Amino acid sequence: MPDPSPVDLAVSALRRGDLALLPTETVYGLGADAANPAAVAAIYAAKGRPAFNPLIAHVADLKTASQIAELDDRALALAAAFWPGPLTIVARVRSSGLVCDLARAGLDTVAVRVPAHLRFQEVLQAFGGAVAAPSANRSGRPSPTSLADAMAETGAFAAAALDGGPCAVGLESTVIGLVGEAEWLRAGGLARDRIEAVIGRLRDLDVDIHRTPGRLVAHYAPDAPVRINAAAPMEGEAFLSFGSGPETAPGRFSLSETGDVNEAAQRLFRLLRAADRLNPAAIAVAPVPMTGLGEAINDRLARAAGKVG
Ligand code: TXA
Ligand code: MG
């Protein structure tokens, strides 16, 4: 018999109720069988995450998504436009048995996403059910965008780790609420105007940490303090520049030499980690425009700086 492939090993770990580090196009996830409450409890323990944070249920396709969530016409239009991809839809849950109460933090809604990453797709197709997976960072820390970063965060808790290379998007998925009026719940890897072009204007949600704990202040934070909208670094600071050409000096990194927000999204968490490893007095970050994925980048930076309430 040939040795089991890394995908097979990840699927077996999920079936046993163990945790697996899994690549997605957004960020690496720490996955468990969403139907298994003991496995889901192990995710919360590994992340040091408050148990009221509901998790995203990842599925292979729209058919499985429709088994776990009530997807209305708006959801189907978004699914047709953006799945597989970096969009998470919150809708009323159906009693499929595929997502346990704990994975939803007891809510009667469920967050569902069909991810695009090929390796993760292989896992989901072989597994058949739903995989609950938050970003693989410890709670409050930047999301990992490589297997090495994921291993450093929560690798000790995972029975399997699947390498899928660096994440193509680099930011978590955009989260949209479709229970009642369409709501903008979390800026992420899919820009708001692209979603509004399909289903019309989204309502901004008043900050409600019980419904969207991803909006907590001081989320995504490295160890060093973060100073945003900085024109230049001060003494002892590391610096993330944007659109000002290549960086060669030590402690200076470029989010995008050409001022491309998609490239900056891809690099953001990796460079925050690289800067943090130098133990700087602070990490200063140049202004990033609000266009396209710039909204999500600025959201994460403001949280890293503790500037969002
Ligand atoms: O890109 C991503 O979304 C990554 C990868 C692994 O897929 N996952 C991720 O998961 O970022 P997590 O757990 O770190 O963030 C899930 C977000 C949180 O903001 C959570 O509050 C929201 O989704 N969420 C989950 N279920 C919800 C629900 N029923 N109602 C409202 N918000 C929900
Ligand atoms: Mg997260």
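Predicted model only: the values in this text are computed from it and were never measured.

Cut-offs and rules
- Numbers given to residues run from 1 along each chain, matching the order in which its sequence is written.
- Working convention: letters from A go to chains and numbers from 1 go to ligands, in the order in which they are written.
- Only residues with pLDDT of at least 70 get local features here, since the model is predicted, and only at 80 or more are side-chain atom pairs given and counted; chain-wide, interface and lining totals rely on the full set of residues.
- Here the side-chain values reflect all heavy atoms present in the structure, with hydrogen atoms and water set aside.
- Put simply, DSSP H or I for four residues or longer makes a helix, DSSP E for two residues or longer makes a strand, and each gets a number counted from the N terminus.
- A contact between two residues is defined here by any heavy atoms of the two lying within 4.5 Å.
- Residues adjacent in sequence count toward polar contacts only when both atoms are side-chain atoms; beyond that, a polar contact is any pair of N or O atoms within 3.5 Å, and within protein one must be able to donate a hydrogen and the other to accept it.
- Each cavity reported here is a set of points on a 1 Å grid over the protein atoms alone in which a 1.4 Å probe fits but cannot get out, each pocket an open set with protein on both sides within 12 Å along at least five of seven lines, and each lining residue one with an atom within 4 Å of a point.
- Grid points are joined across faces, edges and corners, and a volume is the space filled by probe spheres set on the points.
- Put simply, Ala, Val, Leu, Ile, Met, Phe, Trp, Tyr, Cys and Pro go in the nonpolar bin, Asp, Glu, Lys and Arg in the charged bin, and everything else, Gly too, in the polar bin.
- All domain edges in this entry derive from an automatic or database-based domain assignment.

Q: Would you take a moment to explain the environment of Thr-64 for this structure?
A: Residue position: Thr-64 is located in helix α3 (residues 62–68). Remark: the alpha-carbon pair of Thr-64 and Gly-128, spanning 64 residues in sequence, is separated by 8.3 Å. Leave out the neighbours within four places in its chain, and Thr-64 touches Val-59, Leu-98, Gly-128 and Gly-129. Engagement of the side chain of Thr-64 in a polar contact is seen with the side chain of Asp-61, the distance being 2.6 Å.

Q: I would appreciate a short explanation of the side chain of Ser-241 in the present structure.
A: With respect to the secondary-structure elements, Ser-241 resides in strand β12 (residues 237–242). Setting aside residues no more than four positions away along its own chain, Ser-241 makes contact with Glu-247, Phe-253, Ser-254, Leu-255, Ser-256 and Ala-286.

Q: When you look at the layout of surface pockets in this model, what are you seeing that I'm missing?
A: Rolled over the atoms, a probe with the dimensions of a water molecule shows which regions are left empty. Counted as a void, the second largest pocket has a volume near 200 Å³. Counting only elements with at least two residues in the lining of the second largest pocket, the list comes to α6 (147–154) and α8 (261–276). Across the lining of the second largest pocket, the residue classes break down as five nonpolar, one polar and seven charged. The residues that make up the lining of the second largest pocket include at least three from each of domain 1 (6–199) and domain 2 (226–304).

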